[in-house]
Amino acid sequence: MEIELKYSIPTQEIADEIWVNRTFFTMEEEGSREELTFDARYFDTADCDLMDREMAYRVRKEGDHWVAALKWKGHTEGALHKRDEINVPVENGEPNPGVFCESKIGNTLIELVGEKQLQCVLETKFHRRRFRLDTGRGIFEVSIDRGEIITSVGSEPILEVEIELFSGETEELLELGTKLSETFGLESEEKSKYARGVELIEKNRY
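Residues numbered from 1 in each chain as written. Predicted model: local features only at pLDDT ≥ 70, side-chain atom pairs only at ≥ 80, totals over all residues. Heavy atoms only, no water.

Turning to the overall build of the protein, a few remarks are in order. A tally of helices and strands in the protein yields five helices and nine strands. Mapped from its N terminus to its C terminus, the protein presents α and β elements in the order β-α-β-α-β-β-β-α-β-β-β-α-β-α. Its C-alpha atoms give the protein a radius of gyration of 17 Å, near enough to 17 Å, the size a compact globule of 206 residues would have. A burial count over the protein gives 50% of its 206 residues as buried. Pairs at least 24 apart in sequence give 65% of the contacts found in the protein among residues at least 6 apart. For the protein, the accessible area works out to roughly 10800 Å², and carbon and sulfur atoms hold 45% of it. (Helix = DSSP H or I, 4+ residues; strand = E, 2+ residues; numbered from the N terminus. Rg over C-alpha atoms; globule rule 2.2 N^0.38 Å. Buried < 20%, exposed > 50% of the residue type's maximum accessible area, 1.4 Å probe, protein only. Contact = heavy atoms within 4.5 Å. Areas by Shrake-Rupley, 256 points an atom, 1.4 Å probe, with all protein chains shown as cover.)

In structure tokens:
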């Protein structure tokens with residue numbers, strides 16, 4: 001299960017301050033800082049079978065590598081996002097539900113799609129700056145994203161920070177999120193990048 005906090009960042013200057021403020025992140029894991037370019041494509045049928053069942057099928061280029069992800073059973077409470085997720089390394093950005101065949105939910109996806117064609121319904125392109133925190137009780141990844149959500153009916157900017165729980169307790173994740181949001185004046189982001197894209201599409205669907 002993926003568990004993370006999301007906050008919108010009001011300005012690029014604040015995003016840069018989060019990145020350089022070593023005083024706040026005193027528990028940073030040495031050598032964990034990196035910057036990557038992400039290009040994520042979300043696929044669905046023409047009938048929006050996945051969207052209607054609150055499933056998301058993504059193939060994302062992360063630097064030089066491609067990773068397919070299947071997400072479902074999402075739950076959001078303020079900035080806190082929880083959802084079941086499977087990730088599988090793949091060779092390219094083409095959709096292939098068969099890569100998830102070893103899981104029950106993967107076979108549900110395969111049956112749901114059947115003979116229908118999958119098409120890219122939205123795309124997110126963003127630059128990510130990230131590093132890890134090791135508090136002694138848990139390990140967390142902080143990611144600062146800047147880019148764009150792209151759909152056939154419009155686009156939206158991305159400027160947000162995520163704190164993902166790698167190991168430890170959700171309570172400590174929430175403590176970190178509270179300190180981060182209060183220090184830098186951030187607002188909770190209740191929608192994922194995908195959900196924001198779906199909202200754009202839904203407004204023009206009927």
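Bringing the packing of aromatic side chains into the picture now. Going through the model one piece at a time under the given rule, you end up with five aromatic pairs. Plain terms: the ring middles of Trp 19 and Phe 131 are 5.9 Å apart, the flat faces sit at 50 degrees to each other, and that makes the pair tilted. Within this pair, whereas Trp 19 is found in helix α1 (residues 12–20), its partner Phe 131 is found in strand β6 (residues 119–134), the two being separated by 112 residues in sequence. On the basis of relative accessibility, which here comes to 12%, the residue Trp 19 falls in the buried class. Looking at Phe 131, the relative accessible area reads 0%, which means it is buried. An angle of 45 degrees between the planes, with centres 5.9 Å apart, marks the rings of Phe 43 and Tyr 57 as tilted. Taken as a pair, Phe 43 in strand β2 (residues 34–44) and Tyr 57 in strand β3 (residues 56–62) lie far apart in primary sequence, 14 residues in all. Tyr 57 shares its class with Phe 43; the two are buried. Against the face of Phe 131 rests Arg 33, its NZ or CZ located 4.4 Å from the ring centre. A cation over an aromatic ring shows up here: Arg 128 above the ring of Phe 38, its NZ or CZ 4.9 Å from the ring centre. (Phe/Tyr/Trp six-rings, centres within 6.5 Å; stacked < 30°, edge-to-face > 60°. Lys NZ or Arg CZ within 6 Å of the ring centre and 35° of its normal.)

What follows concerns the pattern of salt bridges. Within this structure, the stated rule accounts for 25 salt bridges. A salt bridge links Lys 116 to Asp 47, with the nearest nitrogen and oxygen atoms 3.1 Å apart. Of this pair, Lys 116 sits in the loop between α3 (104–113) and β6 while Asp 47 sits in the loop between β2 and α2 (49–52), and the two are 69 residues apart along the sequence. A residue is classified by how much of its surface remains accessible, and Lys 116, at 38% relative accessible area, is partly exposed. With its nearest N and O atoms 2.9 Å apart, the salt bridge here joins Glu 62 to Arg 60. What you see here is one network of salt bridges that share partners, running through Glu 2, Glu 4, Lys 6, Arg 58, Lys 71, Arg 83, Glu 85, Arg 128, Asp 145, Glu 160, Glu 162 and Lys 193. (Salt bridge = Lys/Arg side-chain N within 4 Å of Asp/Glu carboxyl O.)

Moving on: the pairing of strand β7 (residues 139–151). Side chains on a regular strand alternate between the two faces of the sheet. Bridge count between β6 and β7: twelve bridges; the pairing is antiparallel. Across the sheet, the residue bridging to Lys 125 is Glu 148, located in β7. The loop that links β6 with its antiparallel partner β7 comprises four residues; one of these, Gly 136, has a positive phi angle of about 95 degrees. Pairing analysis gives 13 bridges linking β7 to strand β8 (residues 154–167), with the strands arranged antiparallel. Within the sheet, the bridge partner assigned to Ser 143 lies in β8 and is Glu 162. Between β7 and the antiparallel strand that follows it, β8, lie two residues. (Pairing = 2+ DSSP bridges.)

Right, let's talk about α1 for a bit. For α1, the set of buried residues is Gln 12, Ala 15, Ile 18 and Trp 19. Down the axis of α1, the sector holding all buried residues measures 115 degrees, keeping them to one side. Residues of α1 that are exposed and point more than 90 degrees away from the buried face comprise Glu 13 and Val 20. In the core, the buried residues of α1 are packed alongside β2, β6, β7, β8 and α4 (170–184). (Arc of directions from axis to C-beta.)

This part covers unusual backbone geometry. Most of the time, phi is negative for any residue but glycine, and the peptide bond is trans. The residue Cys 48 is not glycine, and still its phi comes out positive at about 55 degrees. With respect to the helices, strands and loops of the structure, Cys 48 is situated in the loop between β2 and α2. Exposure remark for Cys 48: the relative accessible area of 11% places this residue in the buried category. Even without being glycine, Lys 73 reaches a positive phi, approximately 55 degrees.

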